[in-house]
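Geometric and topological summary
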Amino acid sequence: RFYARFFLLRKLSLPDWVMLLALTSTWSGAIFNYFVVHFLDYSHVNFHVCAYARIVRGNLLFIWIYRLNYIISLCLIKTSILLFYSYVASSHKSFHRLVHGMMAIVIITSFAMFIAAIFSCNPPSDAWSYKVFMNGFKGIHTKQCYDPSTLWTFNAGFNLTTDVFIWILPIPFLLNLQSINARRRLELLGIFSIGIMAIAASAVRLRVVMLWVTDWAQQGRNTTKLMIWSQIEPHAGIISASIPFLRPLFRKAFKRRDRQSPSPAAKLIPVLPPARMPIIPSPSPTLDSINSPFRPSPSPLAPLSPVAPEIPVGTTL
C-alpha cells in the first residue's frame, strides 16, 4: 500500500499513516500473545509457590497489556478507513455526516473502553496480582476489581456492529455514483465487498468471547481460540482496508505484460517496405564512356540567336 501510494501515485495521506500505526500495534499484539502463551505453561514449575506466582503474574500482566493493545489496534483501523471515506468527493452531505458521526463514535467509545480496561482494578496492579488471583479460587473477591466479562462482551459486539456499518456505508454511494460507468462501479463494489472478511472475523471472535466468559472450564477450552481470532480480526481489517489501494500495482503489472506481448491490434499496422539503397555516383569520369548513361548529344543544338523586337525601341505607344 505504501509503495503504491508513495512511488506510483505520490499521494500519501493521513489514512495511510494511521493504518501504519494500526499495523504496528497489531504486530505488537502478536508479541504480547506470544508471552501470554509462554506464561500459560506451568508444567515445569512443579507447583513451587514462587515459580507458580511468577507464571501467574506474567500471564495476567500480558493479558492486561494485550487487551489495551487490542482496543487501540481496532480503533486505529476503523479510524483509517473512515478518514479515507471523508476524503471521497460526494455531493451527498449526509454521507460525510455519517462518516464523521461514526468516526466520533469509534474514537469516543474506544477511549472509554481503554480507560475502563486500565482501571479494571484499583489500583491497576491488582489486575495481575497473584494474591487477588488465588483469593478468587477461595471465594474471596476483591471489591476493587470488577468482572471484565461484560466489558469484553460489549467490546466484541461493538466491533462487529461498527464493522458491518463501516463496510456497508460506501456501497449505496458507489451504486449511485453516476460519474463512472456501471462496470467500474461494480468493480469498486467488489473491492469494498472484501470487507466481509473482516466482518466474518469479528463475528467468529464474538462467538468465541461468548463461550469464553461462560465459566472457568470454557475459558480453558477457548483461550487459544480467543488469542487466534483476536489476531485474525485486526489483520483481516488491515488487509480488507488496504486492497482498494493496490489498483495502481495491478495496472502497472498489466501494462508491463502488455508491453512484453503486443496486442492483436499490432498486426493491423501496415508493414512498410524496406528503404531503397541510395544511389552513389561513381567517382570515375563517365562522360566519354560508351556504356555511360551520360553520353553527349550526337547533334548539339545551335546557340539561340537574339530576336529583334517588332516595335522599335523608343516608339511611344
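How each quantity is defined
Residues numbered from 1 in each chain as written. Predicted model: local features only at pLDDT ≥ 70, side-chain atom pairs only at ≥ 80, totals over all residues. Heavy atoms only, no water. UniProt positions renumbered as here; feature names shortened; annotations may be inferred. Axes fitted to C-alpha atoms, helices over the stretch in contact; angles between N-to-C directions. Helix = DSSP H or I, 4+ residues; strand = E, 2+ residues; numbered from the N terminus. Parallel < 35°, antiparallel > 145°, perpendicular 65-115°, else oblique. Contact = heavy atoms within 4.5 Å. Nonpolar A, V, L, I, M, F, W, Y, C, P; charged D, E, K, R; others polar. pLDDT = per-residue confidence, 0-100. Salt bridge = Lys/Arg side-chain N within 4 Å of Asp/Glu carboxyl O. Buried < 20%, exposed > 50% of the residue type's maximum accessible area, 1.4 Å probe, protein only.

In the annotation of an unreviewed UniProt entry, the entry for the protein chain reads Rhodopsin domain-containing protein, and the organism field reads Pleomassaria siparia CBS 279.74. Quoted straight from UniProt, the Sequence similarities (unreviewed entry) entry for the protein chain says "Belongs to the SAT4 family." UniProt's Subcellular location (unreviewed entry) comment on the protein chain is quoted here verbatim: "Membrane".

**Some words on the packing of helix 6 (residues 149-168) against helix 10 (residues 216-242)**
Helix packing for two helices is described by the angle between their axes and how far apart those axes are. Their axes nearest at 13 Å, the elements helix 6 and helix 10 cross at an angle of 10°. On the basis of their axis angle, the class for helix 6 and helix 10 is roughly parallel. Listed contacts from helix 10 to Asn159, Asp163 and Trp167 of helix 6 are Glu233, Gly237, Ser240 and Ala241. Per-class residue counts for the contact of helix 6 with helix 10 are two nonpolar, three polar and two charged.

**So, the confidence of the model for the protein chain**
Residues at a pLDDT of 70 or more form 76% of the protein chain, whose mean pLDDT is 78. The least confident element of the protein chain, judged by mean pLDDT, is helix 11 (residues 247-260) at 69; the most confident is helix 4 (residues 93-118) at 92. For the stretch residues 263-272, pLDDT sits under 50, and the model shows zero contacts to residues farther than four places along the chain or on other chains. In this model, residues 274-290 is a region of pLDDT below 50 whose contacts with residues beyond four sequence positions or in other chains number eight contacts.

**Concerning the pattern of salt bridges**
This structure, assessed with the given rule, holds four salt bridges. Note that aspartate 16 is salt-bridged to arginine 5, the shortest N-O span being 3.1 Å. Of this pair, aspartate 16 sits in helix 2 (residues 14-38) while arginine 5 sits in helix 1 (residues 2-8); the two residues are 11 residues apart in sequence, bridging distant segments of the chain. With respect to burial, aspartate 16 and arginine 5 carry one shared label: buried. Residue lysine 78 is joined to aspartate 163 by a salt bridge in which the shortest nitrogen-to-oxygen separation is 2.4 Å. Taken together, the residues span a long stretch of sequence, with lysine 78 in helix 3 (residues 49-87) and aspartate 163 in helix 6 at a distance of 85 residues. Residue aspartate 163 is classed as buried on the basis of its relative accessible area, which comes to 7%. A network of salt bridges, in which partner residues are shared, links Arg1, Arg5 and Asp16.

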